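Observations on chain architecture
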Amino acid sequence: MNESPAPRPLLTHAGLSLAKVGDPRSLCFEFLPGGHLHALRAGPVLVNLVLGCPVAGAMHRLFLRVARPGGGRVHTLIGPAGHARFSASPRAARWEKEADGGLALRATLRVAGDGWRLELEVSNQGSRKVRVQAVHGLDVGLTSPFAARLNEAYVSQYIDHRALPSPRHGFVLASRQNQAVDGKCPWLGQTCVEGVEGFCTDAVEFFGTMGHRAAARPLLADPPRPGRVKQDESSFVALFATPVALRPGESMVRTFVGRYVADHPAPTSDADAAAVEAQVELPPPGLDPGGLQPHDAPATLLHEPPVLHGRPPTENHLQAFAAAPWHLVEHGAAGVVHSLFHGTDQRHLVTRAKEEATARPQGTILRSGSHADADEDTLATTCYAAGLFNCLTSLGHPSFHRLLSVPRERCGLRASAGQRLWLGGADGKWHLLGIPSAFEMALTSCRWLYLVGRRRIVVTTSVGTAAPTATLAVAVEQGPPARFLVTHGLVAGSNEGDEQASMEIDGTRVTVRPGPETLAARHFADPH
């Protein structure tokens, strides 16, 4: 007699192992193992925008740009690619690592009242002079956790960023949430004590889009001087500290400070810089190094993985992929095909050039069934060109009965969202499939064409017209055999990590069940 597989609980936010630094009643940083920011909370307000993920990390960053003869490097101290030694206590957190060229890096965060100080110490223990620049970045939400999780882009649109001139520090970056939270307008000011040379206020401007994932981040390769304020849908404040040259044996310190104000009724003005400058004047709170406890964690597959994009297709490639006749063909620069409609059912096709040229990602929603109106047994799934083969997959109401998660930022930083496909490389690593050579959208299916190396790979997502099903198919139509890995960001409720759920693994079959207290469990007889 075969025994049923034992259910495995899905991880919830309540079950996370968090290192909390600060006072939960005023200002508190919550770090995941490895030093990734899960949440920065000020009472009921979520100061950061996107909750950190246990396997993919967070958007919070601390970089060191290094310029030396013959080329430069960017070292990550805080972030998914940092792999620093992390330790914490209720009063402080610390990240430490040794970088190439004999550089020793140590960052210490101290929290006191409604402010913080993040102090970066860099020591040149090498034999050559280097020029270094510290860069700190924080996603900014200043809203309730519910509002942030409902729509990060909408929350970002209501944040008013201002670059306030400061004779002592260059600039103070102020962020005010104009959409009141319980009748209050939270406000955050940030600067660098030793001086801000440049800044930006948008994650897409800083990290770039999914198309940049295989290359250098735009603003780290070419820092802003001084920068610009951009009010868009990915609120992220980055501060570029004044650079310094370090001879062998020399050290430097750069200190980033923040000041939170629970309610700032009036719009930001130049006079508000004084509030952050007062934070600079405060003596740093004491730190007992003996109180720091290690909270290290191993690197995961999802920590800034190598990304593989399909190469730009020729017209011959497109003609083989998209049946004639073609209609409404759109061309870009030098006559490159950007998009077209084709076939008797007017399928819409976009190329990699189109995806990279537009501000918003190309995508569509597929819906099962054949009725004009959806019902509670309708399965819906969202497909994006940039390697998101299924996300926000839901049955019935898409806000409550979700199976797969949705991307919560536009830069392609979090490979944990939705259903992703990985190609095994000759280097022994898994490479995340990113932007395809071409992406085709129809009423009940989507297809991705990846021209990579000698391979022609076609990925298809389709939904059933008679049953609430979604199917992923992968075919190597040309070239050597390949190994693939499929990963899924599971929800089984409203939002990932919010509600209890479980999964059962029986051979090649995985069954995901929402917890008994979820809306899905109360609404459906046997939801899975």
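In this report, we go over the structure that sits alongside the text. Computed from a prediction, not measured in an experiment: that's the story for all the values here.

Counting across every chain of the model gives two cavities of 30 Å³ or more. Size it by volume and the largest cavity reaches roughly 50 Å³. Contributing to the lining of the largest cavity are Phe29, His60, Trp95, Leu109, Trp116, Leu118, His136 and Leu138. Of all the secondary-structure elements, those providing two or more residues to the lining of the largest cavity are strand E11 (115-124) and strand E12 (130-139). The residue makeup of the lining of the largest cavity, split by class, is six nonpolar, two polar and no charged. The computed volume of the second largest cavity comes to approximately 30 Å³. What lines the second largest cavity is Ala56, Gly57, Ala58, Met59, Arg61, Pro80, Leu413 and Arg414.

Turning next to the packing of aromatic side chains. For the structure on display, the rule yields 15 aromatic pairs. On the basis of an interplanar angle of 80° and a centroid distance of 5.4 Å, the ring pair of Phe31 and Trp95 is categorised as edge-to-face. In this pair, Phe31 is assigned in strand E3 (residues 27-32) and Trp95 in strand E9 (residues 92-99), connecting sequence segments 64 residues apart. For the pair shown, Phe31 and Trp95 are each scored as buried. Geometrically, the ring pair formed by Phe439 and Trp448 is tilted, given 5.1 Å between the ring centres and 40° between the ring planes.

Residues Phe29, Phe31, Leu64, Trp95, Leu109 and Trp116 are the most contacted members of the largest nonpolar core, which totals 51 residues. By residue number, the principal contributor to this core is strand E10 (residues 103-112), which donates five residues. Counting residues in each nonpolar core, the second largest holds 18 residues, with Ala385, Leu423, Phe439 and Val463 among its members.

The strand order E23-E24-E25-E32-E33-E34-E35 describes an open sheet built from seven strands, whose pairing is antiparallel. The sheet is open, and its two edges are formed by strand E23 (326-331) and strand E35 (470-478), each paired on a single side. Each strand of the sheet is rotated relative to its neighbour by a mean of 15°, with strand direction disregarded. Note: strand E24 (residues 337-342) against strand E25 (residues 347-351), four bridges, orientation antiparallel.

This next bit is on the sheet that holds strand E38 (residues 501-506). Taken in spatial order, the three strands line up as E1-E38-E39 in an open sheet, and their pairing is antiparallel. Where the open sheet ends on each side, the last strands, each with one partner, are strand E1 (8-9) and strand E39 (509-514). Pairing analysis gives two bridges linking E1 to E38, with the strands arranged antiparallel. Within E38, the residue paired with Pro9 across the bridge is Ser502.

Turning next to the pairing of E23. Bridging between E23 and E24 involves four bridges; their strand directions are antiparallel. Bridged to His331 within E24 is Val337. Remark: five residues form the turn of the hairpin made by E23 and E24, two consecutive strands paired antiparallel; Ala334 in that turn has positive phi of roughly 60°.

Time to look at the side chain of Ser339. On the secondary structure map, Ser339 appears in strand E24. Among all residues touching Ser339, those that are not within four sequence positions of it are Leu328, Val329, Glu330, His348, Leu349 and Val350.

All chains considered together, the criterion is met by 27 salt bridges. When salt bridges with common partners are traced through the structure, they connect Asp202, Lys230, Asp232, Glu233, Arg360 and Arg410 into a single cluster.

What counts, and where the lines are drawn
- Residues numbered from 1 in each chain as written.
- Predicted model: local features only at pLDDT ≥ 70, side-chain atom pairs only at ≥ 80, totals over all residues.
- Heavy atoms only, no water.
- 1 Å grid on protein atoms, 1.4 Å probe; cavity = no way out; pocket = protein on both sides within 12 Å on 5 of 7 lines; lining within 4 Å.
- Points joined across faces, edges and corners; volume = space filled by probe spheres on them.
- Helix = DSSP H or I, 4+ residues; strand = E, 2+ residues; numbered from the N terminus.
- Nonpolar A, V, L, I, M, F, W, Y, C, P; charged D, E, K, R; others polar.
- Phe/Tyr/Trp six-rings, centres within 6.5 Å; stacked < 30°, edge-to-face > 60°.
- Buried < 20%, exposed > 50% of the residue type's maximum accessible area, 1.4 Å probe, protein only.
- Core = buried A, V, L, I, M, F, W, Y, C linked by side-chain atoms within 4.5 Å.
- Pairing = 2+ DSSP bridges.
- Axes fitted to C-alpha atoms, helices over the stretch in contact; angles between N-to-C directions.
- Contact = heavy atoms within 4.5 Å.
- Salt bridge = Lys/Arg side-chain N within 4 Å of Asp/Glu carboxyl O.

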